[in-house]
Each structure stands twice: as C-alpha cells, then as structure tokens.
Amino acid sequence: MPDYQTILYEVADGVATITLNRPEVLNAFNDQMIAETTAALKAAERDESVRCIVLTGAGRAFSSGQDLAEVKARRGDPQAPSLGEHLRTGYNPLILKMRTLEKPIIGAINGVAAGAGCSVALACDLRLASDQASFIEVFVNVGLIPDSGSTWFLPRLVGTAKAFEMAATAQRVKAEEALALGLVNRVVPAGELMAATRELALALAKAPTRAIGLTKRALNRVWTMTLEEALEYEAFLQEIASRTHDHEEGVTAFLEKRPPQFTGK
Ligand code: LHQ
C-alpha cells in the first residue's frame, strides 16, 4: 500500500474509501493530492475485491478546489507549468479516471465543494450530501472559467441557464437547493452522512459490478449519440453483460425464488 500523505485510503467489505485529507485548507488540491487521488482510484480499479468507491473529505469541507497558495507560489517560477498544462497533466486525468473506472463512485459530500472540488464532486456517479454541504462554481472569483469537467457535467445536471448562473455569479448552492436542482441524489443530516453512504456503498458492493460498469460506460457515451447509435451501443454492451456470471446468477436466483449472490464476475 503506498504511503499517501494527502489522502486516506481504506478498503473494507468491498468498498474503497478515499478521504481528501488536507482539512486545514478545506482539502484544497495541491499537486500531490491530485496525484495521490488519481493513484488511489487506479488502485481501487485494479483491486478485484473493490466493487464500490466512496470519495469524501476530512473535516468541514469536501474540497475548496485548487490550492491557491500553490498557484501563487508557481507564479514566480519560470519552470512551472501553465494553468492549461496543469489541467492537462493533473485534473484532466483525474476526472477521466473517475468516469472511465467501471465501478460506482459515491461522492459523500460532507461540506463545501468549490472550484475543482465541485468538479470532482460532479464527476462522481452519485452524490449523497450532508445538510451542511454546498456547491460553489467559485472559479469566476479568481478570474477563471469552470474547469476539471464542470462545463461538461454542470449543464447536463442542471441545464445551461442554471449552470451559467452558478458559473457567472459563484453563488453558493446549498444542499436542499442542490437536491431540487438534481445536483445531488439525496440529502441527509450531517451526523448521518457516513452511515447512509456506507449502507449504499455496501449494497452497491454486492451488486452486479460488471453490469454497473457497463451502464456507466453507456451513460458516458450516449450524450453524443443518435438514438439509433445508442440502441446499437446498448445491444453491444448487453451482449457483454449477458455473458457474465452475475447475469446467470440473477436469472437463476429469480426462478429459484431466492436472493441472488452476485460476485462481480
Ligand atoms: C484555502 C483554499 C484554497 C488554499 C480555503 N487554497 N487555501 C485549476 C487549475 C489550475 C489553477 C487554478 O485553478 C484550477 C481550478 C480551481 O479550483 S480555481 C478555484 C480555487 N478555489 C477557490 O477559489 C476557493 C477559495 N476558497 C473559498 O472561496 C472559501 O475558502 C470557501 C468558500 C471554499 C469556504 O469559505 P469559508 O468556509 O469561509 O472558509 P475560509 O475561507 O475561512 O477557509 C478556511 C481556511 O482554508 C483558510 O485558511 P486560514 O489559514 O485562514 O484558516 C483559507 O485560506 C484556506 N483555504 N480554500 N482553495
């Protein structure tokens, strides 16, 4: 197990939990935390015992986005990468790993998710929010555009007008409004967030992982497809799902009137 400095990584009962762990700066992403989060996702992807991933933050925030002290420090360094390069080599691979990893990722949004922290929250497959959570597309406050996938995820979740309003005004969207907008799946009292997350994660870790992974692949792709293409892609992916042990087990268990025992295979 690598010796992570900026995150916590734990695997238990089929669930890998990644905790962003720089609470003194509200879990702002520095280079090391971007790299370690990406590495932990790859470890969870490779580990066959892992069938669900939880991403959360230590302390009172989910993540405040890019560490601005690091941005400031790099300003004087002629060797430092430009912001575009920083995205291409850091955040973009992290977001792509979240979307291409064929296991469900639950964002347990424990507090504020701002800037790239908001983007990372939006890249999760599901979001359970504490009633203390909020979402801020804060980029405009520092003269930047939404990045790390926010321009892609946000309008798909809330529509273009609301996405533009959030991005142009950096308004804080609190948990209840986020629920009404479809930004989160569920809101629970802060003290119950991790228990509710664990319950959902354990259920997903016992589900047919291959079918869930293929569902994620389909939902990633359909946005740019015609109906005809989407139907064909469904047929292609269903062919794969139909050859899994879990498909056979699901059908057999139904006919034998017993609960299925899915193995993720
Ligand atoms: C922080 C941060 C932070 C450092 C709180 N950095 N210390 C991608 C590519 C490359 C470059 C540029 O950016 C990007 C993408 C981005 O993410 S751009 C957006 C960067 N993030 C922000 O602009 C958010 C800045 N933070 C805030 O606006 C507030 O902290 C929020 C609204 C998140 C929370 O406000 P409060 O609850 O009032 O907390 P606070 O502001 O008092 O923060 C607590 C501490 O955390 C404080 O330090 P201190 O020593 O005073 O206790 C802050 O300085 C520190 N902190 N965010 N991003």
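What counts, and where the lines are drawn
- Counting of residues starts from 1 at the beginning of each chain's written sequence and follows it residue by residue.
- Local features in this predicted model are restricted to residues whose pLDDT is 70 or higher, and side-chain atom pairs enter the listing and the counts only when it is 80 or higher, whereas totals over whole chains, interfaces and linings include all residues.
- Values reported for side chains reflect all heavy atoms of the structure, with hydrogen atoms and water molecules removed beforehand.
- Each helix is a run of H or I in the DSSP string that is no shorter than four residues. Each strand is a run of E no shorter than two, and both are numbered from the N terminus.
- In this setup the radius of gyration rests on C-alpha atoms only. A globule is expected at 2.2 Å times the number of residues raised to 0.38.
- When a residue's accessible area, from a 1.4 Å probe over protein chains only, is under 20% of the maximum for its type it is buried; when over 50% it is exposed; and in between it is partly exposed.
- Note that accessible areas follow from Shrake-Rupley with a 1.4 Å probe, and for residues the cover is restricted to the protein chains shown.
- When charges are counted, neither His nor the chain ends are considered; positive counts come from Lys and Arg and negative counts from Asp and Glu.
- By convention, the charge on Lys lies at NZ, on Arg at CZ, on Asp at CG and on Glu at CD.
- For salt bridges, the criterion is a side-chain nitrogen of Lys or Arg within 4 Å of an Asp or Glu carboxyl oxygen.
- If even one non-hydrogen atom of a residue comes within 4 Å of a molecule or strand, that residue is called near it.
- Distance and chemistry together define a polar contact, namely a pair of N or O atoms within 3.5 Å, with one atom able to donate a hydrogen and the other to accept it when in protein, and with adjacent residues in sequence counting only for side-chain atoms on both sides.
- Residues are sorted three ways: Asp, Glu, Lys and Arg are charged, Ala, Val, Leu, Ile, Met, Phe, Trp, Tyr, Cys and Pro are nonpolar, and all the rest, Gly among them, are polar.
- In this text, buried Ala, Val, Leu, Ile, Met, Phe, Trp, Tyr and Cys residues form a nonpolar core when linked through side-chain atoms within 4.5 Å.
- Between two residues, a contact is recorded if the distance between any of their heavy atoms is within 4.5 Å.
- In this description, a line fitted to the C-alpha atoms serves as the axis of each element, helices being fitted only across the stretch in contact, and the angle between N-to-C directions of two axes falls anywhere from 0 to 180 degrees.
- Here is the rule for angles: anything less than 35 degrees is roughly parallel, anything more than 145 is roughly antiparallel, 65 through 115 is roughly perpendicular, and the remaining ranges are oblique.
- Should the near helix be turned anticlockwise from the far one by less than a right angle, the crossing is left-handed, and should it be turned clockwise, the crossing is right-handed.
- Should DSSP find at least two bridges between two strands, the strands are taken to pair.

Q: How should I be thinking about the overall build of the protein in this particular structure?
A: Secondary structure assignment for the protein yields 11 helices and 10 strands. Computed over its C-alpha atoms, the radius of gyration of the protein comes to 19 Å, within 12% of the 18 Å expected for a compact globule of 265 residues. Counting only C-alpha atoms, the protein reaches 65 × 45 × 40 Å along its principal axes. Taking all 265 residues of the protein together, 48% fall into the buried category. Of the roughly 13400 Å² of accessible surface on the protein, 57% is carried by carbon and sulfur atoms. One way to put it: in the protein the 28 positive side-chain charges average out to a point 1 Å from where the 32 negative ones average out.

Q: Explanation requested: the pattern of salt bridges in the structure shown.
A: A side chain of one charge can pair with a side chain of the opposite charge if their charged atoms are brought near each other. A complete count under the given rule lists 15 salt bridges for this structure. Residues R22 and D67 are paired through a salt bridge, measuring 2.9 Å at the closest nitrogen-oxygen approach. Of this pair, R22 sits in the loop between β2 (15-20) and α1 (31-46) while D67 sits in the loop between β4 (61-63) and α2 (68-75), and the two are 45 residues apart along the sequence. Its salt-bridge partner being K216, residue D125 comes within 2.9 Å of it at the nearest N-O pair. Here the residue D125 occupies a position in the loop between α4 (116-123) and β7 (126-130), and K216 occupies one in helix α9 (residues 209-221), the gap between them amounting to 91 residues. Here the salt bridges do not stand alone but share partners, grouping D31, E70 and R74 into one network.

Q: I'm lost on the site of the ligand in this one. Help?
A: As a structural note, the neighbourhood of the ligand is formed by 24 residues, with R60, S64, Q66, L68 and A116 the closest of them. In this structure, R60 approaches the ligand through a side-chain N or O atom, which is 2.8 Å from an oxygen atom. With respect to the ligand, the backbone of L68 contributes an N or O atom lying 2.9 Å from a nitrogen atom. When isolated, the ligand has an accessible area of 1100 Å², and the protein chains bury 66% of it. Secondary structure elements with two or more residues in the shell around the ligand: α2 and α3 (83-100). The dominant element in the shell around the ligand, judged by the number of residues it contributes, is α3, at four residues. Looking at the shell around the ligand, its residues break down into 14 nonpolar, five polar and five charged.

Q: Just to check I follow, could you spell out the environment of Y91 for this structure?
A: Mapped onto the secondary structure, Y91 falls in helix α3. Between the C-alpha atoms of Y91 and A129, which are 38 residues apart in sequence, the distance is 23 Å. In terms of polar contacts, Y91 uses its side chain to reach the side chain of Q66, at 2.6 Å.

Q: It is not clear to me how the nonpolar core should be interpreted in this structure. Could you clarify?
A: Where a protein is soluble and globular, its nonpolar side chains tend to be buried together. If you look at the biggest cluster of nonpolar residues, it comprises 47 residues, and the most contacted ones within it are I53, L55, M98, F135 and L183. Here L183 is in contact with L122, R127, F135, L154, L157, V158, M166, V173 and A178, once residues within four sequence places are set aside.

Q: What's the story with the packing of α9 against helix α10 (residues 227-241) in this structure? I'm lost.
A: Relative orientation and spacing of two packed helices are given, respectively, by the angle between their axes and the distance between those axes. Taken N-terminus to C-terminus, the directions of α9 and α10 make an angle of 165 degrees; their axes are 10 Å apart at the nearest point. Classified by the angle between their axes, α9 and α10 sit roughly antiparallel to one another. The crossing of α9 and α10 is right-handed. Of the residues in α10, those in contact with R210, L214, R217, A218 and R221 of α9 are Y233, F236, L237, I240 and A241. Across the contact of α9 with α10, the residue classes break down as seven nonpolar, no polar and three charged.

Q: Would you mind showing me how to read the sheet that holds strand β5 (residues 105-109) here?
A: Whether parallel or antiparallel, the strands of a sheet pair through hydrogen bonds between backbone atoms. Pairing within the open sheet is mixed, and its six strands lie in the order β1-β2-β3-β5-β7-β10. Across the chains shown, the open sheet's two edge strands, defined by having one partner strand only, are β1 (7-12) and β10 (186-188). Looking at each pair of strands side by side, their axes are set apart by 20 degrees on average, direction ignored. In the sheet, β1 pairs with β2 via six bridges, with the strands oriented antiparallel. Bridge pairing in β2 places A12 opposite V15. Contacting β1, β2, β3 (52-57) and β5, α1 runs over the sheet at an angle of about 10 degrees to β1.

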